[in-house]
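Now for the letters of each chain:
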Amino acid sequence: MTKIVICSHFDVFPVRHADQDAVYSVVKGIDVKDRIILQTQYKDPKENIEVLGERLSLYRYPKFFSVIIFNFLLLLRIHRIRRKEKSVVVITTKFHLTPTLLLASRLMGVRWISIFLDSFIAYDKFPYEVNPYSVPLPILRLFERLTYSFADYIYLNSVYEIESVKQRIDSRFSNKILRTPLSSGMINCTERFRDSGRRQALKSSLNLPQKSMLVCFHGNFAENRQSRDAAFYIINSLSREFNSSDVYFLIIGNGLNIPRNPSGNVLYLGYVENLCAALACCDLEVAPIAGGSGIKMKILDALSVGIPVLASDDAARGLVEPSPVVVSDFNNFPVALKALLSDEGKLRKLGQESMEYAEMYYSASSSIKDVIGSLLSGTSVHRI
C-alpha cells in the first residue's frame, strides 16, 4: 500500500479552508469509499494517510525561521516514513516547502503532488497587495519554477493561472499542470433550498417587507481582508444608492465588529447555522472584491443554490468561461445592480443558468481517480 503524506504549513499563511478542501478533493479521488476523512483541522486521517504539520505550532518564532524549522522537521519526518514504506506520495499546498520536497523526491524516491497553489509567476505583479509570506517574492517564484520541474503533478484551481503559467514555463512541464477537481466537498451548497415559504419566513424574522428584494454577501471576515473591505464598501457606499427602494443587503459571516443594523437597509446576520438556506432566500449575491487570486468560493456557493452573482473583475477571475456571473467594475457597480434587480425575467434565467453551470463544471470529477491511481501505482511518474 502506498503511504500518502499530506503536509501544509498553516502557521505561515493560514488560509485553511480552501487548501484543505482542495486536498480533500484530490484525496477523495484515491479512495471512492470515503474511508479518508479530512475535517477542518485535518482530524481523523485513516489507514494509509499521514498528516504532517497540524501540531507544529511555530508562532513563537519569526516567520522566516519558522519556515526553515518546518522544512527541516518535514524532511526528517518524510525520511522516517520512507524507511518504513516502499511507496510514498507527498501532497503539499505550499511553494515554500519546495526545497524539502525536491530533496525528498530526488534522494528518497518519493513522489510529489502540489495542490491548489496561487501561482506567483502567472501575474505581472504579486496577486496580493501585501506579501503574506516570509519568503521574498523572487525566491517564491524560483521555488514555483522548481516545483513545475520536479513535482509529478501540479494542481491549480484558476483557469486564468493555468493558461498563464503554461505560457511562461518550459513546454516540457506543461503536461503536469492540471485543474483542481472541485467536488461537492468543495462547494458548500449541494442541496436545493429555493423555497418561497422559507424566503417569506426569513423576511418576517427580519421585519422586512414581503415585497422587498434581498441582496447578499457572505464570507469569513475574520480571516479575509478582501471580504472585510467588500463588506464595508456595501455598507458605506453601495447600499446608499438604494435608500429609497425596497432593496435590503444581508451580510452573512463571522468576524465583523459592527452593529446588527449598520445602516438603514443593511442587516448584518453574522454566523448563520445554515448558510446555503440563507443564500437561497436572496435574489442576488454581490461580490465587490478587490484583489486576491484563485476562485472565490463564495461565488460557487451562490451559483450552486441558483442565485445570480454580480461580481468585480477580481472576484470573477478563474471561473470556467463562459460563466453566468455578471461582471462590473466598481464605478458601474450600482448601475449594474439596479439593472439586474429591475429585470425579474433575467434574474430567473441567470439563477437557472447558475445552478446548471455549478453542476456542469464544479461537480465531482471521475478523471482524478485515474490520474492519482496511476501515480500511486508507479505507472505514470513524470521525470524530466
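Residues numbered from 1 in each chain as written. Predicted model: local features only at pLDDT ≥ 70, side-chain atom pairs only at ≥ 80, totals over all residues. Heavy atoms only, no water.

## Some remarks on the overall build of the protein
Reasoning step 1: When you go through the protein residue by residue, the secondary structure sums to 13 helices and 12 strands.
Reasoning step 2: Buried residues in the protein amount to 56% of all 384 residues.
Reasoning step 3: Counting only contacts in the protein whose residues sit at least 6 apart along the sequence, the fraction spanning at least 24 positions is 68%.
Reasoning step 4: Taken as a whole, the protein presents about 17,300 Å² of accessible surface, with 52% of it coming from carbon and sulfur. (Helix = DSSP H or I, 4+ residues; strand = E, 2+ residues; numbered from the N terminus. Buried < 20%, exposed > 50% of the residue type's maximum accessible area, 1.4 Å probe, protein only. Contact = heavy atoms within 4.5 Å. Areas by Shrake-Rupley, 256 points an atom, 1.4 Å probe, with all protein chains shown as cover.)

## Quick notes on unusual backbone geometry
Reasoning step 1: Not every positive phi belongs to a glycine, and Asn-207 is a case in point at roughly 60°.
Reasoning step 2: Structurally, Asn-207 is set in the loop between helix H6 (196-205) and strand E7 (213-218).

## Quick word on the side chain of Ser-174
Reasoning step 1: For Ser-174, the location among the structural elements is in the loop between helix H5 (159-168) and strand E6 (177-179).
Reasoning step 2: A distance of 3.0 Å separates a polar atom in the side chain of Ser-174 from the backbone oxygen of Ser-171.
Reasoning step 3: Ignoring sequence-local partners within four residues, the contact set of Ser-174 consists of Lys-166 and Ile-169. (Polar contact = N/O pair within 3.5 Å; in protein donor to acceptor, adjacent residues only side chain to side chain.)

## Some points on the packing of aromatic side chains
Any aromatic ring pair is given by two values, namely how distant the centres are and how the planes are angled relative to each other.
Reasoning step 1: A complete count under the given rule lists six aromatic pairs for this structure.
Reasoning step 2: Summarising the aromatic geometry, the rings of Phe-217 and Phe-221 are spaced 5.9 Å apart at their centres and angled 45° between planes, so their arrangement reads as tilted.
Reasoning step 3: Judged by relative accessible area, Phe-217 falls into the buried class, the value being 0%.
Reasoning step 4: Taking the centre distance of 5.7 Å and the plane angle of 65° together, the rings of Phe-242 and Phe-249 count as edge-to-face.
Reasoning step 5: Take Phe-249: its relative accessible area is 1%, and that puts it in the buried class.
Reasoning step 6: Three or more aromatic residues joined by ring pairs make a cluster, and in this case those are Tyr-233, Phe-330 and Phe-333.
Reasoning step 7: In this structure, Lys-338 packs its charged tip against the face of Phe-242, placed 5.6 Å from the ring centre. (Phe/Tyr/Trp six-rings, centres within 6.5 Å; stacked < 30°, edge-to-face > 60°. Lys NZ or Arg CZ within 6 Å of the ring centre and 35° of its normal.)

## Some words on the nonpolar core
Reasoning step 1: Ranked by size, the top nonpolar core spans 65 residues in total, and within it Phe-249, Leu-250, Ile-251, Val-286, Ile-299 and Leu-337 carry the most contacts.
Reasoning step 2: Among residues more than four places away in sequence, those in contact with Leu-250 are Leu-202, Leu-206, Leu-214, Val-215, Cys-216, Phe-217, Leu-267, Leu-269 and Cys-282. (Core = buried A, V, L, I, M, F, W, Y, C linked by side-chain atoms within 4.5 Å.)

## Remarks on the environment of Leu-208
Reasoning step 1: Assignment of secondary structure puts Leu-208 in the loop between H6 and E7.
Reasoning step 2: Sequence-wise, Leu-208 and Asn-265 are 57 residues apart; in three dimensions their C-alpha atoms are separated by 9.7 Å.

## A closer look at the packing of helix H3 (residues 98-107) against helix H4 (residues 137-150)
If you want to describe how two helices pack, look at the angle between their axes and the distance between the axes.
Reasoning step 1: Closest axis-to-axis distance for the H3/H4 pair is 10 Å, and the angle between their directions is 25°. The orientation of H3 with respect to H4, classified from their angle, is roughly parallel. Regarding H3 and H4, the two cross each other, and that crossing is left-handed. Across from Thr-98, Pro-99, Leu-102 and Arg-106 in H3, the residues of H4 making contact are Phe-143, Leu-146, Thr-147 and Phe-150.
Reasoning step 2: The residue inventory of the contact of H3 with H4, partitioned by class, reads five nonpolar, two polar and one charged. (Axes fitted to C-alpha atoms, helices over the stretch in contact; angles between N-to-C directions. Parallel < 35°, antiparallel > 145°, perpendicular 65-115°, else oblique. Left-handed = near helix turned anticlockwise from the far one by under 90°. Nonpolar A, V, L, I, M, F, W, Y, C, P; charged D, E, K, R; others polar.)

## Thoughts on the pairing of strand E3 (residues 88-92)
Reasoning step 1: Most of E3 sits out of view: five of its five residues are buried.
Reasoning step 2: When strand E1 (residues 3-7) meets E3, the two strands line up parallel, connected through five bridges. Among the inter-strand pairings, Lys-3 is bridged to a residue of E3, identified as Val-88.
Reasoning step 3: The pairing of E3 with strand E4 (residues 111-114) spans four bridges and is classified as parallel. Of the residues in E4, the one forming a bridge with Ile-91 is Ile-113.
Reasoning step 4: The handedness of the E3 to E4 crossover, carried by H3, is right-handed. (Pairing = 2+ DSSP bridges. Right-handed = clockwise from strand over helix to strand, strands pointing away.)

## A closer look at H5
Reasoning step 1: By the burial criterion, the buried members of H5 are Glu-161, Ile-162, Ser-164 and Val-165.
Reasoning step 2: Its buried side turned inward, H5 meets H4, strand E5 (153-156) and E6.

## A look at the environment of Ser-114
Reasoning step 1: Here Ser-114 shows up in strand E4.
Reasoning step 2: By relative accessible area, which is 1% here, Ser-114 ends up buried.
Reasoning step 3: For the pair Ser-114 and Leu-156, spaced 42 residues apart in the sequence, the C-alpha separation amounts to 8.6 Å.
Reasoning step 4: Ignoring sequence-local partners within four residues, the contact set of Ser-114 consists of Thr-92, Thr-147, Tyr-153, Ile-154 and Tyr-155.

## Let's talk about helix H7 (residues 225-236)
Reasoning step 1: For H7, with 12 residues, the first-to-last C-alpha span of 16 Å sits near the 16 Å given by 1.5 Å per residue.
Reasoning step 2: Packed against the buried residues of H7 are E7, strand E8 (247-252), strand E9 (266-270), strand E10 (284-287), helix H9 (297-305) and helix H11 (333-341). (Expected span 1.5 Å × (residues − 1).)

## Some words on the pattern of salt bridges
Reasoning step 1: Applying the stated criterion to the full structure yields six salt bridges.
Reasoning step 2: Its salt-bridge partner being Arg-225, residue Asp-229 comes within 3.2 Å of it at the nearest N-O pair. Remark: Arg-225 and Asp-229 occur in helix H7; sequence separation between them is four residues, near one turn of the helix.
Reasoning step 3: What makes Asp-229 partly exposed here is its relative accessible area of 42%. (Salt bridge = Lys/Arg side-chain N within 4 Å of Asp/Glu carboxyl O.)

## Comments concerning the sheet that holds strand E11 (residues 309-311)
Reasoning step 1: If you walk across this open sheet you meet the six strands as E9-E8-E7-E10-E11-E12, and the pairing is parallel. In this open sheet, the two edge strands, each paired with only one partner strand, are E9 and strand E12 (326-327).
Reasoning step 2: In terms of strand pairing, E7 meets E10 through two bridges, oriented parallel. Looking across to E10, one finds that Val-215 is bridged to Leu-284.

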